[in-house]
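Below, each chain spelled out in residue letters.
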Amino acid sequence: MEQELKTEATRNLITETAFRQFYKNGFKATSINEIMKAAGLSKGAFYHNFKNKDDLGVLVVKAELNTRIYDAMISPLYAEGTAKPILKNTFLNKLKAFTSDEKLMGCPVNNLINEIGGSPNLLNESLKGLIDTWLKAVIQIIERGHKDGSIKPETNPQQAAIYLVSSFEGMRGIRKLYQDDTTWSAYSAALENYINQL
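Residues numbered from 1 in each chain as written. Predicted model: local features only at pLDDT ≥ 70, side-chain atom pairs only at ≥ 80, totals over all residues. Heavy atoms only, no water.

(A) Quick peek at a nonpolar patch on the surface. A cluster of nonpolar side chains, contributed by Ile-174, Leu-177 and Tyr-178, occupies part of the molecular surface with about 310 Å² of accessible area. Counting through the fold element by element, Leu-177 comes out in the loop between helix 9 (157-175) and helix 10 (182-197). (Patch = residues over 30% accessible without salt bridge, like charges linked within 9 Å, V, L, I, M, F, W, Y side chains within 5 Å. Areas by Shrake-Rupley, 256 points an atom, 1.4 Å probe, with all protein chains shown as cover. Salt bridge = Lys/Arg side-chain N within 4 Å of Asp/Glu carboxyl O. Helix = DSSP H or I, 4+ residues; strand = E, 2+ residues; numbered from the N terminus.)

(B) Helix 9, seen in detail. Taking 1.5 Å per residue as the helical rise, helix 9 with its 19 residues ought to reach 27 Å, and the 27 Å between its terminal C-alpha atoms agrees with that figure. Within the sequence span of helix 9, burial applies to Pro-157, Ala-160, Ala-161, Leu-164, Val-165, Ser-167, Phe-168, Glu-169, Met-171, Arg-172 and Arg-175. Where helix 9 starts, the residue carrying a side-chain oxygen 3.0 Å from the main-chain nitrogen of Gln-158 turns out to be Asn-156. (Expected span 1.5 Å × (residues − 1). Buried < 20%, exposed > 50% of the residue type's maximum accessible area, 1.4 Å probe, protein only. Polar contact = N/O pair within 3.5 Å; in protein donor to acceptor, adjacent residues only side chain to side chain.)

(C) Structural detail: the environment of Thr-7. Topologically, Thr-7 is positioned in helix 1 (residues 2-25). Note: C-alpha distance between Thr-7 and Glu-154 (147 residues apart in sequence) is 52 Å.

(D) Geometry of the pattern of salt bridges. One pass over the structure, following the stated rule, counts five salt bridges. Lys-88 is paired through a salt bridge with Glu-192; the nearest N and O atoms lie 4.0 Å apart. One end of the pair, Lys-88, is in helix 5 (residues 83-97); the other, Glu-192, is in helix 10, with 104 residues separating them in the sequence. Across the pair Arg-175 and Asp-181 runs a salt bridge whose closest N-O atoms are separated by 2.9 Å. Judged by relative accessible area, which is 29%, Asp-181 ranks as partly exposed.

(E) A look at the layout of surface pockets. Quantified by volume, the largest pocket comes out at close to 160 Å³. Along the walls of the largest pocket sit 14 residues, with Arg-68, Ile-69, Lys-94, Phe-98 and Arg-172 positioned nearest its centre. Of all the secondary-structure elements, those providing two or more residues to the lining of the largest pocket are helix 4 (53-74), helix 7 (108-116) and helix 9. Among the elements that line the lining of the largest pocket, the one with the most residues is helix 4, at four residues. In terms of residue class, the lining of the largest pocket is made up of nine nonpolar, no polar and five charged. (1 Å grid on protein atoms, 1.4 Å probe; cavity = no way out; pocket = protein on both sides within 12 Å on 5 of 7 lines; lining within 4 Å. Points joined across faces, edges and corners; volume = space filled by probe spheres on them. Nonpolar A, V, L, I, M, F, W, Y, C, P; charged D, E, K, R; others polar.)

(F) Examining the packing of aromatic side chains more closely. Tallying each qualifying case throughout the model produces 10 aromatic pairs. The interplanar angle of 35 degrees and the centroid separation of 5.5 Å between the aromatic rings of Phe-46 and Phe-50 together place this pair among those described as tilted. Overall, Phe-46 belongs to the buried group, its relative accessible area being 0%. When its relative accessible area of 3% is taken as the criterion, Phe-50 is described as buried. Judged by centre distance (4.6 Å) and plane angle (50 degrees), the rings of Tyr-163 and Tyr-194 are tilted. With Tyr-163 in helix 9 and Tyr-194 in helix 10, this pair connects stretches of sequence that are 31 residues apart. Among the aromatic residues, those joined into a ring-pair cluster are Phe-91, Phe-98, Trp-134, Phe-168 and Trp-184. In this arrangement the basic side chain of Lys-53 is found over the ring face of Phe-27, its NZ or CZ atom lying 4.7 Å from the centre. Geometry around Phe-98 places Arg-172 over its ring, the cationic atom sitting 3.8 Å from the centre. (Phe/Tyr/Trp six-rings, centres within 6.5 Å; stacked < 30°, edge-to-face > 60°. Lys NZ or Arg CZ within 6 Å of the ring centre and 35° of its normal.)

So, in structure tokens, the structure goes:
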């Protein structure tokens, strides 16, 4: 039992360290050696827990990125209440909550998609699964809005969900180019207007 706990703690440490390194330097540019040095562990500890960097990347998506997206953008959509205000608050509150560093570094999910998206591997499949879960939650709250009357019945849930998620992620990428919040503020206002007219 003690060995199992130690192994789990080691895997968690490697995964958390890898997330920070991938976010800071990119997935492809980060070596296993750099991750293990930052974690204060030997390379042998890596291969005791993971087959390769892609294997670790899948766990980073499942353990770190899924949690971040779920806590910030998915779980709030399942709150009780009228659908449209919940949808609007979820997106707008998260925009307001980003730190200056997060704005400069972009979204770790979006960064990883831009780096490895389209590759036929388990890492790509994990990212698709994450985005699919987010889209499903947005679709469900729009359908809820149809039922409670807060969202127009002619609003197509799938189209609106794809627009909301892709524009939100796109803005996270675009913000990395700018040194101020001018475009960020314009997007926030446009996003609020879009949700209001749903």
